[in-house]
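Structural features, examined
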Amino acid sequence: MNIKKIIMNLAPVLGLLILVAVFFVMGNIKGINVQYGLKSIFNQSVVVAIVATGAIFIYTLGSFDISLGASTAVSPLVGGIVYLKTENLFLVFASCVGVAVVVALADSILASVFHLPVFVTTIAMLSVLNALVLMLITVGGTGSEVAVPMTAVKGLDNIFFKLAVLILYFALCIFFFDFTPIGRKEKYLGGNPLCAKLTGISMNKFSIIAFVICGLGVGLGAFLSIVYSPTLTRNTASSVGMDVIIAIVFGGMPVSGGARSRIYAAMIGAFSMTFLSQIMVMLNLNSGMGQIVKAIIFLLVVYIAAGERKTKVLPR
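Residues numbered from 1 in each chain as written. Predicted model: local features only at pLDDT ≥ 70, side-chain atom pairs only at ≥ 80, totals over all residues. Heavy atoms only, no water.

1. Details of helix H2 (residues 34-60)
Put simply, the rule reads: Working definition: helices are DSSP H or I runs of at least four residues, strands are E runs of at least two. Numbering for both runs from the N terminus. By definition here, a helix of n residues has an expected span of 1.5 Å times n minus one. Fitting axes to the seven residues ending at a residue and to the seven starting there, one defines the bend at that residue as the angle between these axes. Polar contact is the term for a pair of N or O atoms within 3.5 Å; when the atoms are in protein, one must be able to donate a hydrogen and the other to accept it, and sequence-neighboring residues count only if both atoms are side-chain atoms.
Between its terminal C-alpha atoms H2 stretches 36 Å, which fits the 39 Å expected from 27 residues at 1.5 Å a residue. In the structure, H2 departs most strongly from a straight axis at Ser-45, where the bend amounts to approximately 35°. Here H2 starts with a cap whose side-chain oxygen sits 3.2 Å from the backbone nitrogen of Gln-35, and that cap is Asn-33. Phi turns positive, to about 85°, at Gly-62, one or two residues after H2.

If you want it as structure tokens, here you go:
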């Protein structure tokens, strides 16, 4: 492995470490409570990190799911309504995960049955889910929100529980991605789908597996959304869909998938993005300017990755 390749692989990690260092330095200079800031960063990052980690399986195939944010909004709304009917947190958890997995299965099965690109089916699903958000709030809530009592989830609203969920799901994804044929074959499908098909690897089968694993992550993220903010509105998880895409790119994974896909990219990207946001808040940049900075970095990372890929010559 040459030096340039090593630097490219380590760049996302180094970027995160630099952002952490800048956060601590600026926090001390400005007299900000760094411990409280770290807790806020973790709470803001954990849902995106979990959903994006599951989304790696879809992106590895070269596919693209634009409905993840809407699914992360519908699932906690269903869970909140279930709690208001049953007052049972286990059923809330099961509902969040169940709804998210069903939505993910619907995306992959529709794409397989009608032989459509996954991107097309997820656009259609996005419209359906956005309509469901409004319907669930109207039918199961007050018309503007679905409110789970804060006392019901207070015992789970702590760093240890959220960190345990994140670590367990991340470990599960690492196992499937790096230590089973699932990850290897998905990289093959994403890198060269024609050759993979000729060797007998089923795109439909591994697409369904990828979406189910991702759906599990969406369900876990949805449940943590209830734990962190039990008052659910139409804006719940509204930015998750775009945040997932940015996190994956920030983490150094090419959006085209294939052999260069890395399961840890989502985790690195999610926390990098949040640290960057907090630093921009310290610099008194408004949210609009923050979005512009993120967009510029996003385009720059994609450009560098695409340029580096174009220089590669296929082996003969």
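2. Structural notes on a nonpolar patch on the surface
Stated precisely, the cut-off is as follows: Patch membership needs two things, relative accessible area over 30% and no salt bridge, and members are linked within 9 Å if like-charged or within 5 Å if nonpolar (Val, Leu, Ile, Met, Phe, Trp, Tyr). Only the protein chains shown count as cover for residues, and the accessible areas themselves come from Shrake-Rupley with a 1.4 Å probe. Any carboxyl oxygen of Asp or Glu that lies within 4 Å of a side-chain nitrogen of Lys or Arg is treated as forming a salt bridge with it.
A cluster of nonpolar residues, Ile-66, Ile-109, Leu-110, Val-113, Phe-114, Leu-116, Phe-119, Val-120 and Ile-123, forms a patch on the protein surface that exposes about 740 Å² of accessible area. At the level of secondary structure, the elements contributing two or more residues to the nonpolar patch comprise helix H4 (89-113) and helix H5 (118-140). With respect to the element layout, Phe-119 can be found in helix H5.

3. Quick word on the packing of H2 against helix H12 (residues 265-282)
Formally: As a rule, the C-alpha atoms of each element are fitted with a line to give its axis, helices using only the stretch in contact, and angles between N-to-C directions run from 0 to 180 degrees. In this scheme the crossing of two helices becomes right-handed for a clockwise turn of the near helix relative to the far one and left-handed for an anticlockwise turn of less than a right angle. Any two residues having at least one pair of non-hydrogen atoms within 4.5 Å are treated as being in contact. Here the term charged refers only to Asp, Glu, Lys and Arg, the term nonpolar to Ala, Val, Leu, Ile, Met, Phe, Trp, Tyr, Cys and Pro, and the term polar to all other amino acids, Gly among them.
Here H2 crosses H12 at 145°, and the two axes come no closer than 8 Å. Our pair here, H2 against H12, has a crossing hand that is right-handed. Touching Leu-38, Ser-40, Ile-41, Phe-42, Gln-44, Ser-45, Val-48, Ala-49, Ala-52, Thr-53 and Ile-56 of H2 are Ala-265, Ala-266, Met-267, Ala-270, Phe-271, Met-273, Thr-274, Phe-275 and Gln-278, all from H12. Residues belonging to the contact of H2 with H12 are distributed by class as follows: 14 nonpolar, six polar and no charged.

4. Brief notes about the packing of aromatic side chains
Convention followed: Here a pair means two rings of Phe, Tyr or Trp (six-membered ring of Trp) with centres within 6.5 Å. Their orientation is stacked below 30 degrees between planes, edge-to-face above 60, and tilted elsewhere. Three labels apply to residues, based on accessible area from a 1.4 Å probe with only protein chains included: buried if under 20% of the type maximum, exposed if over 50%, partly exposed otherwise in between.
Taken as a whole, this structure holds seven aromatic pairs when the rule is applied. Here the aromatic rings of Phe-23 and Phe-275 are separated by 5.5 Å at their centres, their planes lie at 75°, and the arrangement is edge-to-face. Here the residue Phe-23 occupies a position in helix H1 (residues 3-30), and Phe-275 occupies one in helix H12, the gap between them amounting to 252 residues. Grouping residues by exposure puts Phe-23 and Phe-275 together as buried. Clustering of aromatic rings is evident, with ring pairs tying together Phe-23, Phe-24 and Phe-275.

5. Digging into the pattern of salt bridges
Under the counting rule described, the total for this entry stands at one salt bridge. The partner of Lys-162 in a salt bridge is Asp-157, with the nearest N and O atoms 2.7 Å apart. With a relative accessible area of 2%, Lys-162 lands in the buried category.

6. A look at the nonpolar core
Among soluble globular proteins, nonpolar side chains are generally buried collectively. Selection criterion: Throughout, nonpolar core names a set of buried Ala, Val, Leu, Ile, Met, Phe, Trp, Tyr and Cys residues whose side chains join them through atoms within 4.5 Å.
Counting 88 residues, the largest nonpolar core has Ile-50, Ile-56, Leu-166, Val-244, Ile-248 and Phe-271 as the members making the most contacts within it. Ranked by the residues each element gives to this core, the list is headed by H2, at 15 residues. Not counting residues up to four positions away in its chain, the partners in contact with Ile-56 are Phe-177, Ile-248, Met-253, Arg-262, Ile-263, Ala-265 and Ala-266.

7. Let's talk about the side chain of Ser-45
Position of Ser-45 relative to the elements: it lies in helix H2. When its relative accessible area of 0% is taken as the criterion, Ser-45 is described as buried. For Ser-45, the contacting residues outside a window of four places in its chain are Ala-270, Phe-271 and Thr-274.

8. Considerations on the side chain of Asp-243
Relative to the helices and strands, Asp-243 is located in helix H11 (residues 240-250). Since its relative accessible area comes to 16%, Asp-243 is described here as buried. Setting aside residues up to four positions removed in sequence, Asp-243 forms contacts with Val-48 and Met-273.

9. Concerning helix H3 (residues 68-86)
Across its 19 residues, H3 extends 27 Å between first and last C-alpha, which sits within 8% of the 27 Å expected from 1.5 Å per residue. Most of H3 sits inside the fold, with 15 of its 19 residues counted as buried. Where H3 terminates, the next one or two residues include Glu-87, which has phi positive at roughly 55°.

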